[in-house]
Amino acid sequence: MRATVFALALMMLSAMAIRASAGALTPQQMVGWKIVCDSHATPAEKYAASEFQTLFMGLTGASLPIVESAPTGSGVVLIGPDATFHAGIAKPAAAFGEEELRIHIAPGVVAIDGGRQRGTLYGVYEFFEENCGVRYLTHDDTYYSPDSESHKLPFGTRTFNPKFAFRWSYYGETNQYPEFAARLHTNTVTNDVKLGGISGYRLVNHCVAYLVPPAKYGATHPEYYALVGGKRVWDTTDGGGPQLCLTNPHVRDVLAEAIEQEIEQNPDQKNFNIAQMDNANYCTCPECKALDDREGSHSGTMIAFVNSVAEIIEKRHPDVLLSTFAYWYTRKPPKTIKPRHNVMVQLCSIECCTLHSIDDPKCALNRTFCHDMAVWNNICDKLFIWHYNTNFTAYTLPYPNLKSIGKSVDYFARHSGRGVFMQAAGNANAAEMSDLRNYVMSRCLWKPGRDSWSEALEFCRMYYRESAEPIIGYLTDLHNRVQAAGMHPTCFPTESSLCITRESAKEMLASFNQAISLAQSDTIRERVEKASLCAYRAALSASSIDLIYSDNLYRPDLEGLDPQLLDRYEAMGKKYGATMEGEGTTSESYIGGLRTFFAGLKTVSIENQTWRVVLLPGSNGKLIEMTYKPTGRNLIQAHRAFNRFRYEEWVRSGAGPAGNHSMSYEVANLQPDSITLALVAEDGTRFERKIALTSDAVKFDTNITAGVDRALDIWVHPEYDAGTTVMDPETVRVYVKQRSRWVQANRGWREALSNPPQEAFIRGSAPGGGYALFNKELQYGVEQRFNGNDFRALELFWGPARQQVNLELVPKVTSLVKGEKTHYGYEVHYLSNAPR
Ligand SMILES: [Zn+2]
Ligand SMILES: [Zn+2]
């Protein structure tokens, strides 16, 4: 019966088509029409009909009834493939791509349909966005332009199939509001059938240690786990857990069995993950090493392993994909091994600069990424991207990547990326300009090629309205300032690479104060206030770059800044739901730490004719100054924001002082030129550090006595001042000692932060007993001398862009029994000449 009614309707519409004088409709002319959605429509198609009703009401003020069939002679909005099928403009749902949509506009009819589950719903959003000028700004604000009722809706049929099958702008603002996420075409945050559910693709995650659990296999089969520094390491929790020995066939069988079980539990999932843990403890056994050496990358063992599991899984599950990372030391593709046809690779850009677009030929950090992506694209036809869009250490600090987002996303699309995870402040709210960023990223993911800067300006004008211009001024200045300074901020930028100074922070505060003063309603005022958190955060950082030192206390310098800075930042953060300051730092702990800091941190100094060393016993015993008096140069990373003084020693698992767990040392002994610090961790383990000055060196000695039987993964983490922010290995040189000869180890690192073969070379250079840094232009450096038997590895963080180089030492000890002691030490010498 429905078919008859629709056939009549269609005849009437054809007649209208003949009579139509102009080739377009306007929304105003649709007032009085009916929304037709078939009773057999899917939940998402029914929801699409109700969304059409809501958005049309917002646009015109008129409510269109939703019906299952329409009487003849009335205008109709047909929603879903069943409705359009019965109306004769047939295209069965199965003939559409999964998210493909079609919009058909003719006299008396607007028909929107598409693939299942989400095509029709996206079609409705697309109709209002593209045809009617509607914008989905935030979960509680939709923009309707003043003249949208008279927008021309040209007759014709348009289809659209999104380039990316997986789209995720990773913000709290989208993760917590699935209905809003759907409007922005994000297909990764909800299983709700009303919203068309979730993409079948899953984000790749660090998981091999969960698939072959060390608690189950470690004691009986240590050979399943990676050989690191001559030992099978299975009892670490660093980076989520141990890596596997990927050339061991038993490991392959255990892991394939685990994947089989996952498939049974998740039959709709398209891919299953086999991906490295988040640490560099890859296997160096002879078989793994030979394969990696032959392939010129650790992706050699990884892809060979995933291929071997994929071959097993394919027998019972030919459509399932096995997915893995190309991340960090596996980012570089293997020379000869290609991923099988049922293997998916998620390529990660963590080393890249985010100010410049990924394909900016002038940005050295990004060039090698593009090279790697081109090769992956050649050898893998299921390439997904993990791109970084935030400051992981400080979500609220100003972050200048709004000009690069669009171009980078477009590059991923043009080079056959099938999905993009735009990682940002997903576990937070009210991160820097997060409402704007979520909008911009989502729109670029839906239609690669959009210009993110224009999108950002559009958002500002629609959302901040009368207050928009000073905010646009803030964004423009921020990007120009960092560009002009030649910086290349990554997703772990420092204040220096973001050009955050007392002066720039004052300008930012002034911009937001002006924006607030222009606001004409509480709504706009609150929106601006939420956005202004970034200026307050910048000022907090700026106040702690130059500390005031008096009465043996260090505290931030609020000169010229708002004295109520911290109180205001805390109050606004609470008001706008901020709970996380960074990826692993809660707002509460950050602000609590700052309160202590503002009250003044107790410092202790030791000094002789050559050296002055200042440290904070109450905060992991961090060093904040190591001045070589003959030249007056402070060798360690200049003062930065609180929680960034990182010249210290950490445990990477278990009880003790850690990067994200500052502990208080007691001063056990203090002499003019030496200090002994001591603390007892929760498990009774005693950590004792002695720092002593001699005429030519600063000597560090650590003694640890275990309180229980325990693993001990400790890390000496000295951060040195690189003296520059220019990424040039000719200027900022790193040396290791090989058979008593110094060798420069960072040649050619201009092209990438990470260089796996050279990293491996450095890591294995501990026996030489020397690790040095030298700035050739400024003619200064440091040499670390130590007993090569005390350490199992050297780690390098070479980050001139952050004005920083870390010469990290990994002590040999990996476990102690109760009461057992260990000792290691090193000396720092000042260099006026390059080592040789
Ligand atoms: Zn191995
Ligand atoms: Zn750059």
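Basis of the calculations
Residues numbered from 1 in each chain as written. Chains lettered and ligands numbered in written order. Predicted model: local features only at pLDDT ≥ 70, side-chain atom pairs only at ≥ 80, totals over all residues. Heavy atoms only, no water. Helix = DSSP H or I, 4+ residues; strand = E, 2+ residues; numbered from the N terminus. Rg over C-alpha atoms; globule rule 2.2 N^0.38 Å. Buried < 20%, exposed > 50% of the residue type's maximum accessible area, 1.4 Å probe, protein only. Contact = heavy atoms within 4.5 Å. Axes fitted to C-alpha atoms, helices over the stretch in contact; angles between N-to-C directions. Parallel < 35°, antiparallel > 145°, perpendicular 65-115°, else oblique. Left-handed = near helix turned anticlockwise from the far one by under 90°. Pairing = 2+ DSSP bridges. Core = buried A, V, L, I, M, F, W, Y, C linked by side-chain atoms within 4.5 Å. Salt bridge = Lys/Arg side-chain N within 4 Å of Asp/Glu carboxyl O. Donors = N, O, S within 2.8 Å, 3.2 Å for Na, K, Ca; no water. Tetrahedral: all angles 85-135°; square planar, octahedral: opposite > 155°, others 65-115°. Phe/Tyr/Trp six-rings, centres within 6.5 Å; stacked < 30°, edge-to-face > 60°. Lys NZ or Arg CZ within 6 Å of the ring centre and 35° of its normal. pLDDT = per-residue confidence, 0-100.

Brief notes about the overall build of the protein chain
- In terms of helices and strands, the protein chain carries 21 helices and 43 strands.
- For a compact globule of 836 residues, the expected C-alpha radius of gyration is about 28 Å, and the protein chain comes in at 30 Å, within 12% of that figure.
- Projected onto its principal axes, the C-alpha positions of the protein chain cover 100 × 65 × 45 Å.
- Within the protein chain, the fraction of its 836 residues that count as buried is 61%.
- Sequence-distant contacts, at least 24 apart, represent 70% of the contacts inside the protein chain between residues at least 6 apart.

What about the packing of helix H13 (residues 405-414) against helix H14 (residues 434-446)?
- It is at 9 Å that the axes of H13 and H14 come closest, and there the two elements cross at 25°. Judged by the angle between their axes, H13 and H14 are roughly parallel. Here H13 and H14 pass one another in a crossing that is right-handed. Across from Ile405, Gly406 and Val409 in H13, the residues of H14 making contact are Arg437, Met441, Cys444 and Leu445.

Examining the side chain of Glu45
- Inspection of the secondary structure assignment puts Glu45 in helix H2 (residues 43-60).
- Beyond its immediate stretch of four places on either side in the chain, Glu45 contacts Cys37, Ile79, Gly80, Pro81, Arg116 and Thr120.

Digging into the sheet that holds strand S15 (residues 321-326)
- Pairing in this open sheet of 6 strands is parallel, and the strands run S11-S18-S17-S16-S15-S14 from one edge to the other. Edge positions in the open sheet fall to strand S11 (166-170) and strand S14 (271-273), since each of these has one partner strand only. Going across the sheet, the axis of each strand differs from the next one's by a mean of 25°, ignoring polarity.
- Pairing between strand S17 (residues 383-388) and strand S18 (residues 417-423): 5 bridges, direction parallel. Note on S18: the bridge partner recorded for Leu383 is Gly417.
- Contacts between helix H12 (residues 364-379) and the sheet are confined to S15, strand S16 (343-348), S17 and S18, with S16 contributing the most and set at about 170° to the helix.

Focus: the sheet that holds strand S23 (residues 601-602)
- Strand order across the open sheet formed by 3 strands is S19-S20-S23, with antiparallel pairing between neighbours. Strands with a single pairing partner mark the edges of an open sheet, and in this sheet they are strand S19 (548-550) and S23.
- Bridge count for S19 against strand S20 (residues 553-555) is 3 bridges, and the pairing is antiparallel. The residue bridging Ser550 from the neighbouring strand is Leu553, located in S20.
- Its contacts with the sheet put helix H20 (residues 587-599) on S20 and S23, and the angle it makes with S20 is roughly 125°.

Details of the nonpolar core
- Counting 207 residues, the largest nonpolar core has Leu255, Tyr464, Met626 and Tyr771 as its most contacted members.
- It is helix H18 (residues 522-543) that contributes the most residues to this core, 11 residues altogether.
- Residues within four places of Leu255 in sequence aside, it is in contact with Val208, Leu211, Val212, Leu244, Ile274, Phe305 and Val309.
- Counting residues in hydrophobic clusters, the runner-up holds 38 residues, among them Phe56, Phe127, Phe180 and Leu184.

Here we look at the pattern of salt bridges
- Summed over the entire model, instances satisfying the criterion amount to 54 salt bridges.
- For Arg450, the salt bridge is made with Glu130, and the minimal N-O distance between the two is 3.0 Å. Note that Arg450 is positioned in the loop between H14 and helix H15 (452-464) and Glu130 in helix H4 (residues 119-131), a separation of 320 residues in sequence.
- Taking relative accessible area as the criterion, Glu130 reaches 38% and is therefore assigned partly exposed.
- In this structure, the salt-bridge partner of Arg652 is Asp713, at a minimum N-O distance of 3.5 Å. Note that Arg652 is positioned in the loop between strand S28 (648-651) and strand S29 (666-671) and Asp713 in the loop between strand S33 (710-711) and strand S34 (714-717), a separation of 61 residues in sequence.
- With a relative accessible area of 21%, Arg652 lands in the partly exposed category.
- When salt bridges with common partners are traced through the structure, they connect Glu98, Glu99, Arg118, Arg167 and Lys270 into a single cluster.

A short note on the coordination of the zinc ion (ligand 2)
- In this structure, Cys353 (SG), His356 (ND1), Cys363 (SG) and His488 (ND1) serve as the protein donors to the zinc ion (ligand 2), at separations of 2.1 to 2.3 Å.
- Relative to the metal, the 4 donor atoms surrounding the zinc ion (ligand 2) lie at angles of 102 to 121°, and the coordination shape comes out tetrahedral.
- Counting the intervening residues between successive donors of the zinc ion (ligand 2) yields the motif C-x2-H-x6-C-x124-H. Placement of Cys363 in the loop between S16 and H12 and of His488 in the loop between helix H16 (468-484) and helix H17 (502-518) is noted, with a sequence separation of 125 residues between them.
- Residue class for His488 comes out buried when judged on its relative accessible area of 17%.

A short note on the packing of aromatic side chains
- All told, the structure shown has 40 aromatic pairs when counted by the stated rule.
- Here Trp328 and Tyr329 contribute two aromatic rings whose centre-to-centre distance is 5.4 Å and whose plane-to-plane angle is 55°, an arrangement assigned as tilted.
- We classify Trp328 as partly exposed; its relative accessible area is 27%.
- The buried category is assigned to Tyr329, whose relative accessible area is 4%.
- Taking NZ or CZ as reference, Arg633 lies 3.9 Å from the ring centre of Tyr780, over its face.

Side note on the coordination of the zinc ion (ligand 1)
- Ligation of the zinc ion (ligand 1) by protein atoms is provided by Cys245 (SG), Cys283 (SG), Cys285 (SG) and Cys288 (SG), these donors lying 2.3 Å from the ion.
- Taken together, the 4 donor atoms coordinating the zinc ion (ligand 1) and their angles of 105 to 115° define a geometry best described as tetrahedral.
- In primary-sequence terms, the residues that donate to the zinc ion (ligand 1) follow C-x37-C-x1-C-x2-C. A residue pair is termed long-range when its members are at least 10 positions apart, and Cys245 in the loop between strand S13 (231-232) and helix H9 (249-265) and Cys288 in helix H10 (residues 286-295) qualify at 43 residues.

Brief notes about the confidence of the model for the protein chain
- The pLDDT averaged across the protein chain works out to 92; a share of 96% of its residues lies at or above 70.
- This model gives residues 1-21 a pLDDT under 50, and the stretch forms 31 contacts once residues within four places in sequence are excluded.

Let's talk about unusual backbone geometry
- Going from Arg116 to Gln117, the amide bond is cis rather than trans, its omega being 20°.
- One can find Gln117 in the loop between strand S6 (109-114) and H4.
- Even without being a glycine, Arg465 presents a positive backbone phi close to 40°.
- Secondary-structure assignment places Arg465 in the loop between H15 and H16.
- Residue classification places Arg465 among the partly exposed positions, given a relative accessible area of 41%.
- The phi dihedral of Asn620 is positive, around 60°, even though this residue is not glycine.

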